[in-house]
Amino acid sequence: MDNDRIDQIIEKHHGEPSYLIQVLLDIQSENHWLPKAALERVGEKLKVPYTRIQHIATFYKAFSLVPKGRHGIHICMGTACHVRGATRILDAVQDQTGIKPGETDLDLKFSLETVNCLGCCALGPVMEVDGKAHGKMTPSQSAEVLKTYE
Amino acid sequence: MAKIHTPEELESFRKDLLSRKDPSRPCISICAGAGCIASGADEVIAAFKTEIENQDLQAKVDTKGTGCPGFCERGPVVVIYPEEICYLQVTAEDVPEIIEQTIKKKKVVERLLFEDPATGQKVVREPDIPFYKNQKRTLLCSNIKIDSKSIDDYLAIGGYSALNKALFGMTPVDVVGEVKKSNLRGRGGAGFPAGRKWEGSRNAEEKIKYVIVNADEGDPGAFMDRALLEGNPHSILEGLIIGGYAVGAQEGYIYVRQEYPLAVKNISLAIRQAEEYGFLGENILGSDFSFKVIVHQGAGAFVCGESTALMTALEGRVGEPRPKYIRSNIKGLWERPSVLNNVETWANVPLIINNGADWFAEVGTEGSKGTKIFSLVGKINNTGLVEVPMGISLREIIYDIGGGIPDGKKFKAVQTGGPSGGCIPEEKLDLKVGFDELTKAGSMMGSGGMIVMDEDTCMVDVARYFINFLTDESCGKCVPCREGLRQMHRILTNITQGKGKQGDLETLQELSETAIEASLCALGKSAPNPFLSTLRYFKEEYEAHIDEKRCPALSCKELIAFYIDPEKCSACGICRKKCPVDAIDGAKKTIHIIDQKKCTQCGTCLEVCPSKFGAVKKISGEPVPPPIEEEKRTLTKKQKASVQ
């Protein structure tokens, strides 16, 4: 992500240091992760120490300090999905992709995350891939779904 | 759209809006809430639009993508006005038939109607469906009627008339008085009286004040606030503006989680529309009250739902709670008086102003007034959002509205109050729902998550699940929460893995006491609740895990085993093919055997074994029967027939 774009985002939030989290969210949503250079630029422009930016970037779950895969898998671990067997779906997906929650595979194909509720509890257990919800999953179905992604 | 400058202009604009609406004109409302979209509502909406265009009906029929009406189980939900015909589980393929039959010929499409499972009778009108009939919907009822992106729709159902009334018919003190009199208690969990909170801020000396909407709905399995934000954002905004007027604030904030992109979009749009119409900005409706609202997105931290942590996050810092020696309504955001209320609390405000405190207080129990939205999820037939009067019993919610437990299973417990709440067992089902009543039973109201659990749910695992959640979400400031929860999670995990030992329960209780006593914020103080409430009502499950290494619910992976009953196996081979780890040995006409060493207890074999055979068994606390001898494994035709 180039500095001009980062500056535009900061400009959108009027260069206010209290909008730091909003600025980082915008960068994250466009770039899918927060490169060190981008964080340094934000710190410079907003006049916020780099340590504080690191503190925020590691505290909040929305931020990633490493690149993400082409497809984002989100397994809902909300209570409703949990009682309907979300753990079994997670186990199956971990086995298939070889990665654990928070990780990305070496080919940058999949990134796996768990989320705490997607709000489609009627469809639980739910697996979301690239924003599309797959409901009423079973371990074998989740494997079938993932096979369709390249 | 030109700005509305006076209350008279607002009313004449509303009249004009209504006069342009023909009440007999058909309107197709399609739920575009997150639940229905996950079930394919987008395709349904697109199909309606195309079909209407193809048939050249644009001038005769309206379509609307609306907020969530609550019946997520049967989504996508379509309601056709003015008859209020309710179609459930509609797919894009059903659309031409609906247009042809219902819109053109005024006939009902029977197969898409709700069928009462008890009587088999079809129900045509939305309000007659038992799921809705047994509710009292004062907040949620508007969701399906209005296009969530249209301020005109909100105005047409009387929107912003409460703001008008407050600004021109009441002093700020009157407004605070009315809210106080209604005894509206905070819907976010703690149930603090909203009027008292407002009064404290109003009387604070500092001139700059804030009002804030807490829309950081982080409880897993709860999505009430999202439904309101997505479906009827103006109702929350109107409440917030009235609150700003009452306490004397100039600025309002809406703190909404970034995991709710549609809610962020709809509320941001609502703010822009309100600014355009003059309900926000300088001299609102010609009064001398000026007010602006800013949306702030959360970045994924459960603890930011806590009032002081939320305010710290609003200041652009890491969301850690701070001590509340001085309450945040006196010294909150940037050390100034700040009134923070939950989404649902704010949405109640316009109703109270319009209908009066007495109207609101008519419903409910002694200590808890009005209605409450719950998200009824888990092992329940009718998953969805339900709005019920305070004082209704849990049994009515679960059985009359929720339709009971699926697959003929037995009810075990209902968990309320989110991760910090507790589990309520069967014998307490007649408990009346209210803030104080639930606390007495060892749980809490919380924001309104209600997770139903059946006999297959392991209560030790539920406690482990919540403690794990809270360990993960602890901000790390206080040692008893940060380290204590981690230890509790370790011990509970051991118990679910069959490594529990004598004394574990006592250690857990000790850790709980310390966390309750010595944590700063509500997250830590209430974190042991899931353990304590399950121990209180389900101690025998803990003992079975520790003493007998048995999981009574057959749910803890390390304590269960799958095996194939040789008497029932007909060697169909489905389980062998589906097993992800090739742990099943067998062949055509050869009885299948699970290699226990390879088995990962994923349960796929049990799931895929045809019910007419039912050969796969799940056991716990007993040794797996030895595999059938090799020479007896061949199935003869006769044997095979007897199995079938």
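Residues numbered from 1 in each chain as written. Chains lettered and ligands numbered in written order. Predicted model: local features only at pLDDT ≥ 70, side-chain atom pairs only at ≥ 80, totals over all residues.

Participant: Can you walk me through the overall build of chain A in this structure?
Facilitator: Helix and strand counts for chain A stand at 7 helices and 4 strands. The order of α-helices and β-strands along chain A, N terminus first, is α-α-α-α-β-α-α-β-β-β-α. The principal-axis extents of the C-alpha atoms in chain A amount to approximately 50 × 30 × 25 Å. Looking at chain A residue by residue over its 150 residues, the buried ones come to 44%. At a minimum sequence separation of 6, the contacts of chain A that also span at least 24 residues come to 61%. (Helix = DSSP H or I, 4+ residues; strand = E, 2+ residues; numbered from the N terminus. Buried ≥ 20, exposed ≤ 12 C-beta atoms within 10 Å, placed from the backbone. Contact = placed C-beta atoms within 7 Å.)

Participant: Please clarify how the interface of chain A and chain B should be interpreted in this entry.
Facilitator: Quite often, the size of an interface is put as the accessible area lost when its parts meet. Contact with chain A, which involves 36 residues of that partner, is made by 43 residues of chain B. Among the secondary structure elements, those contributing two or more residues to the side of chain A that touches chain B are α2 (20–31), α4 (50–59), α5 (79–83), α6 (86–97) and α7 (139–147) of chain A. Here the side of chain A that touches chain B is built from residues that sort into 21 nonpolar, 11 polar and 4 charged. (Nonpolar A, V, L, I, M, F, W, Y, C, P; charged D, E, K, R; others polar.)

Participant: What am I meant to see in the pairing of strand β14 (residues 422–425) of chain B here?
Facilitator: Strand residues, when the strand is regular, have side chains that alternate between the two faces of the sheet. Residue and element names in this part refer to chain B. The pairing of strand β13 (residues 411–416) with β14 spans 4 bridges and is classified as antiparallel. The residue bridging Val-414 from the neighbouring strand is Ile-424, located in β14. Here β13 folds back onto β14 in antiparallel fashion, the turn holding 5 residues, of which Gly-417 has a positive phi close to 90°. (Pairing = 2+ DSSP bridges.)

Participant: Help me understand the sheet that holds strand β15 (residues 449–454) of chain B in this model?
Facilitator: Residues and elements named next belong to chain B. The strand order across the open sheet built from 5 strands is β12-β11-β15-β13-β14, with neighbouring strands paired in mixed fashion. A single partner strand is all that each edge strand has here, and the edge strands are β12 (384–389) and β14. Across the sheet, the mean angle separating the axes of adjacent strands is 30° when strand polarity is ignored. With 5 bridges joining them, β13 and β15 adopt antiparallel strand pairing. Bridging from a neighbouring strand, Phe-411 pairs with Asp-454 of β15. (Axes fitted to C-alpha atoms, helices over the stretch in contact; angles between N-to-C directions.)

Participant: How should I be thinking about the environment of Trp198(B) in this particular structure?
Facilitator: Within the element layout of this structure, Trp198(B) appears in helix α9 (residues 194–203). Accessibility expressed as a C-beta count within 10 Å gives 27 for Trp198(B), which makes it buried.

Participant: Can you help me understand the pairing of strand β1 (residues 27–31) of chain B in this one?
Facilitator: Residue and element names in this part refer to chain B. Across the 5 residues that make up β1, a large majority, 4, are buried. Relative to strand β2 (residues 62–66), β1 runs parallel, the two sharing 5 bridges. Following the sheet pairing, Ile-30 is matched in β2 by Gly-65. Of the strand pairs in this sheet, β1 and strand β3 (residues 78–81) are connected by 4 bridges, and their pairing is antiparallel. Each bridged residue has a counterpart across the sheet, and for Ile-30 the counterpart in β3 is Val-78.

Participant: Sorry, what's going on with the domain arrangement of chain B here?
Facilitator: All names here are of chain B. As far as domains go, chain B holds domain 1 (7–142), domain 2 (159–361), domain 3 (371–454), domain 4 (459–547) and domain 5 (559–643). With centres defined by C-alpha atoms, the gap from domain 1 to domain 3 works out at 28 Å. Taken residue by residue, the interface counts 15 residues in domain 1 and 14 residues in domain 3. The residue makeup of the side of domain 1 that touches domain 3, split by class, is 8 nonpolar, 4 polar and 3 charged. (Domains from an automatic or database assignment.)

Participant: Would you mind showing me how to read helix α16 (residues 394–401) of chain B here?
Facilitator: The α-helix advances 3.6 residues per turn, and as a result positions three or four apart in sequence lie on the same side. All names here are of chain B. Three or more residues of α16 are buried, namely Leu-394, Ile-397, Ile-398 and Ile-401. Looking straight down α16, one finds that the buried residues subtend no more than 120° of arc, so they occupy a single side. Buried residues in α16 make contact with α5 (130–133), β11 (371–378), β12, β13, β14 and β15. Where α16 ends, the next residue or the one after it, Gly-403, has phi of about 75°, a positive value. (Arc of directions from axis to C-beta.)

Participant: How do you make sense of the packing of helix α18 (residues 459–473) of chain B against helix α22 (residues 529–537) of chain B when you look at a structure like this?
Facilitator: Residues and elements named next belong to chain B. Close contact between α18 and α22 brings their axes to 8 Å; oriented N to C, the two are set at 165°. When the axes of α18 and α22 are compared, the pair comes out roughly antiparallel. Remark: the crossing between α18 and α22 carries left-handed chirality. Two secondary-structure elements touch here, α18 through Met-459, Val-462, Ala-463, Phe-466 and Ile-467 and α22 through Pro-530, Phe-531 and Thr-534. A breakdown of the residues in the contact of α18 with α22 according to their chemical character gives 7 nonpolar, 1 polar and no charged. (Parallel < 35°, antiparallel > 145°, perpendicular 65-115°, else oblique. Left-handed = near helix turned anticlockwise from the far one by under 90°.)

Participant: Where do I start with the sheet that holds strand β8 (residues 251–257) of chain B in this structure?
Facilitator: Across a sheet, paired strands are connected by hydrogen bonds in the backbone, their directions being either parallel or antiparallel. Residues and elements named next belong to chain B. Here we have 4 strands laid out as an open sheet, ordered β9-β8-β7-β10, and parallel in their pairing. If you trace the sheet from one side to the other, it starts and ends with β9 (292–298) and β10 (338–342), each paired once. Neighbour to neighbour, the strand axes of the sheet diverge by 20° on average, direction disregarded. In this sheet, β10 lies alongside strand β7 (residues 210–215) in parallel orientation, the contact comprising 5 bridges. Residue pairing across strands places Ile-212 opposite Leu-340, the latter belonging to β10.

Participant: Quick question: what am I supposed to make of the domain arrangement of chain A here?
Facilitator: Domain assignment breaks chain A into domain 1 (3–59) and domain 2 (71–147). Of note, the centres of domain 1 of chain A and domain 2 of chain A, computed from C-alpha atoms alone, are 30 Å apart.

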